[in-house]
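Coordinate inspection notes
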There are 2 protein chains.
Amino acid sequence: MHTQSAQGDPIEDRALSMASAKLLVTALAALLAAAGGAGARELSRLEMTSAEMIADGGGMPLIHMLRPLRGSGGRLGRRAGVPCDSWRFAVETNSVRGWSTIPARCESYVGNYMMGGHYRRDSRAVVDEAVAYAEGLQLAGDGREVWVFDVDETTLSNLPYYAKHGFGAEPYNSTLFGAYVQEASAPALPETKRLYDRLLALGIKPVILTGRREDKREATARNLAAAGYTGYEKLLLKPQDARVHAVEFKSGERQKLEDAGYVIVGNIGDQWSDLLGAPEGARTFKLPDPMYYIG
Amino acid sequence: MHTQSAQGDPIEDRALSMASAKLLVTALAALLAAAGGAGARELSRLEMTSAEMIADGGGMPLIHMLRPLRGSGGRLGRRAGVPCDSWRFAVETNSVRGWSTIPARCESYVGNYMMGGHYRRDSRAVVDEAVAYAEGLQLAGDGREVWVFDVDETTLSNLPYYAKHGFGAEPYNSTLFGAYVQEASAPALPETKRLYDRLLALGIKPVILTGRREDKREATARNLAAAGYTGYEKLLLKPQDARVHAVEFKSGERQKLEDAGYVIVGNIGDQWSDLLGAPEGARTFKLPDPMYYIG
């Protein structure tokens, strides 16, 4: 049922990808840049800054037209007749699980969604609701209220990485992604940052809870700080040798928080494994992520 | 946090609506029918058969252009800047809760979604996945495997009713909806019916579990039979005087099923209150429903 095994890191244990696809894109980008055509302009967006990439894309979305199609999106994704937006609906509502790559035919769709403003709009709606909910809370004022944040595709955006790797169409490559994490260069997801700042002002303490393992603690803390996330109550990572799925790990950590006297008033993440499993938190907020699945 | 109180039926306890809106539409329909204009053709779609209405709408979607706008869609829905499809994303992923009507400005959007084929496509994707999952199960063959089905907007479609009541823009009217339920005229949601038939063929027993109360048992059973749902294992309705929210009632009934030796291999519904609360079932399948919320 789960894409990742219980024996390893839910992010790091996927199959190695063919690195050739990335090389192909790079080579074609160079060729097209030399030719100066429209394709070059599209591919040059791969080199835009992180801030530009995350900002609400008013311009042309990035589409990889040139890479050989691959990926499956699970059983459903392999059905040729299923529209990509309906596949996304089924994924975002947790009906389709355990998929390792997006459907090959949906790479352009997902790329457009992520880069063309739709992703940003959906994230904004979720955070608008979260902020309004938080502002309406009657706080006890005893400093025990916390809000749980996931990291990848929640506090931090790995879109600069995924834009170069087919928006989830390439099989996960732990070596490449691990190197990217060590760079600590991921920008904040701006909507989540807005929620984070508002919660601090309200007196609700952020707790960062991630499936990244302890060997990523230093890079993760450095990246969070560089992206403006300071003043959190805790940064909880998965023990290096833990053999648990994300739902078990994260619900277990939330239970420990409650046992320690904290009150989890909210919980935000991009994966259902961030949000399911008691105690979930008084309210959950699901950010969009059509690029990958962690079970 | 909940739209409906714990003291009453989650469907029946909403505020009374202004019946004037329906009368306005009826009067305008009569006027326009007399005039024979394009408006008359659109409104005449209100009179189409249930089968036509549920079938994948290839033609013009029905839009109520003539009714005064009302409704809120919760805190988020009242924010003018939130696009209707992002509101729908936040609703379908359970980030926005406790709303009593769709946002007034989204009535056309939701009407188009429901009638223009998008709803049908999203439902089909969810059921495609459910069927593929069921077909891949290794069954024990002891007749204990069951699949839980909700009723409203799951086995049965109330679209013929909601199309006449603003697709959720009108406040819920228990008198009008109660009379509609007693008609027992709701068509099957065709995708759910396809899943139901496949499960019966596979030897997985359907259990119908609904928040409708016992006084609706006869009408519900009659409607299910008329829509082709026969051979189910149980039809479970909420006791007439039960004072529990949907999540508590439904998870409690699922627990009773497990205690009785049943194995819940799947669970399908249109509300998160159908799908949350242990035991959820081995897999959950969320059908679309942007028209109303039951907490």
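See above for the structure.
The present account deals with the structure reproduced in this document.

Calculation criteria
- Residues numbered from 1 in each chain as written.
- Chains lettered and ligands numbered in written order.
- Predicted model: local features only at pLDDT ≥ 70, side-chain atom pairs only at ≥ 80, totals over all residues.
- Heavy atoms only, no water.
- Phe/Tyr/Trp six-rings, centres within 6.5 Å; stacked < 30°, edge-to-face > 60°.
- Helix = DSSP H or I, 4+ residues; strand = E, 2+ residues; numbered from the N terminus.
- Buried < 20%, exposed > 50% of the residue type's maximum accessible area, 1.4 Å probe, protein only.
- Disulfide = S-S within 2.5 Å.
- Pairing = 2+ DSSP bridges.
- Axes fitted to C-alpha atoms, helices over the stretch in contact; angles between N-to-C directions.
- Contact = heavy atoms within 4.5 Å.
- Expected span 1.5 Å × (residues − 1).
- Salt bridge = Lys/Arg side-chain N within 4 Å of Asp/Glu carboxyl O.
- Polar contact = N/O pair within 3.5 Å; in protein donor to acceptor, adjacent residues only side chain to side chain.
- Least-squares fit on C-alpha atoms with pLDDT ≥ 70 in both.
- Parallel < 35°, antiparallel > 145°, perpendicular 65-115°, else oblique.
- Left-handed = near helix turned anticlockwise from the far one by under 90°.

The next subject is the packing of aromatic side chains. Following the criterion strictly, the structure yields 31 aromatic pairs over all chains and no others. Look at Trp-147 of chain A and Phe-285 of chain A: their rings are 5.5 Å apart centre to centre, the planes differ by 20°, and that puts the pair in the stacked class. Of this pair, Trp-147 of chain A sits in strand β1 (residues 145-149) while Phe-285 of chain A sits in strand β5 (residues 284-286); the two residues are 138 residues apart in sequence, bridging distant segments of the chain. Considered together, Trp-147 of chain A and Phe-285 of chain A belong to a single accessibility category, that of buried residues. Ring geometry for Tyr-161 of chain B versus Tyr-162 of chain B: centroids 5.2 Å apart, planes at 80°, classification edge-to-face. With respect to class, Tyr-161 of chain B is no different from Tyr-162 of chain B; both count as buried.

All names here are of chain A. Scanning all chains against the criterion turns up two disulfides over all chains. A disulfide bridge connects Cys-84 with Cys-106, and the sulfur atoms are separated by 2.0 Å. The chirality of the disulfide connecting Cys-84 with Cys-106 is left-handed, given an S-S dihedral of about -90°. Taken together, the positions of Cys-84 in helix α5 (residues 84-92) and Cys-106 in the loop between α5 and α6 (107-115) put the pair 22 residues apart, joining distant regions of the chain. Across the pair, exposure class does not vary: Cys-84 and Cys-106 are buried alike.

We now examine the sheet that holds strand β4 (residues 263-269) of chain A. All names here are of chain A. Taken in spatial order, the five strands make up an open sheet running β3-β2-β1-β4-β5, and their pairing is parallel. Two strands lie at the open edges of the sheet, namely β3 (234-238) and β5, each paired on one side alone. Within this sheet the neighbouring strands show an average axis-to-axis angle of 20°, counted without direction. In this structure, β4 lies alongside β5, joined through three bridges in parallel fashion. When the sheet's bridge partners are listed, Gly-269 is paired in β5 with Lys-286. Its contacts with the sheet place helix α7 (residues 118-135) against β1, β4 and β5, and it is angled at close to 165° to β5. Taken strand by strand, helix α10 (residues 190-202) contacts β1, β2 (205-213) and β4, and its axis lies near 165° from that of β1.

Another point: unusual backbone geometry. Residue and element names in this part refer to chain A. Residue Pro-279 is reached from Ala-278 by a cis peptide bond, and omega for that bond is -10°. If you trace the backbone, Pro-279 turns up in the loop between α13 (272-275) and β5. The backbone of Phe-167 sits at a positive phi, close to 55°, despite the residue not being glycine. As for its placement among the helices and strands, Phe-167 is situated in the loop between α8 (159-162) and α9 (174-183).

Helix length check: α7 of chain A, at 18 residues, gives a terminal C-alpha distance of 26 Å against a target of 26 Å (1.5 Å per residue), a fit within 8%. Burial analysis of α7 of chain A places 15 of its 18 residues in the buried class, the great majority of the element.

A word on the pattern of salt bridges. Scanning the model with the defined rule gives 38 salt bridges over all chains in all. The salt bridge partner of Arg-120 of chain A is Glu-191 of chain A, with a shortest N-O separation of 3.0 Å. In this pair, Arg-120 of chain A sits in helix α7 while Glu-191 of chain A sits in helix α10, placing the two residues 71 residues apart along the sequence. For Glu-191 of chain A, a relative accessible area of 3% translates into the label buried. With a closest N to O distance of 2.8 Å, Arg-217 of chain B and Glu-214 of chain B form a salt bridge. Owing to a relative accessible area of 33%, Arg-217 of chain B belongs among the partly exposed residues under this scheme. A relative accessible area of 31% places Glu-214 of chain B in the partly exposed class.

What follows deals with the side chain of Arg-120 of chain B. Residue classification places Arg-120 of chain B among the buried positions, given a relative accessible area of 16%. A polar contact is formed between the side chain of Arg-120 of chain B and the side chain of Glu-191 of chain B, at a distance of 3.0 Å.

Taken as rigid bodies, chain A and chain B are interconverted by a rotation of 180° and an axial shift of 0.0 Å, the fit giving an RMSD of 0.0 Å. Such a combination of turn and shift is consistent with a two-fold rotation axis. Within chain A, the C-alpha atom positioned nearest to the axis of rotation is that of Thr-93 of chain A, 2.9 Å from it. A symmetric contact is evident, with 100% of the interface residues of chain A recurring at the interface of chain B.

This part is about the pairing of β1 of chain A. On any regular strand, side chains alternate: one points to one face of the sheet, the next to the other face. Residue and element names in this part refer to chain A. Of all five residues making up β1, five are buried, and the element is well covered by its neighbours. Both faces of β1 are covered, namely the face carrying Glu-145, Trp-147 and Phe-149 and the face carrying Val-146 and Val-148. Where β1 meets β4, five bridges bridge the pair, whose relative direction is parallel. What sits directly across from Phe-149, in β4, is Ile-268. Here four bridges tie β1 to β2, and the two strands are oriented parallel to one another. Looking across to β2, one finds that Val-146 is bridged to Lys-205.

It is worth spelling out the packing of α5 of chain A against α6 of chain A at this point. Residues and elements named next belong to chain A. For the pair α5 and α6, the least separation of the axes is 10 Å and the interaxial angle reads 65°. Classified by the interaxial angle, the pair formed by α5 and α6 is roughly perpendicular. Of the two possible hands of crossing, α5 and α6 adopt the one that is right-handed. Touching Cys-84, Asp-85, Trp-87 and Arg-88 of α5 are Tyr-109, Val-110 and Tyr-113, all from α6.

Here the focus is the environment of Ala-225 of chain B. One can find Ala-225 of chain B in helix α11 (residues 217-226). Considered as a pair, Ala-225 of chain B and Ala-184 of chain B are 41 residues apart in the sequence and their alpha carbons are 9.5 Å apart.

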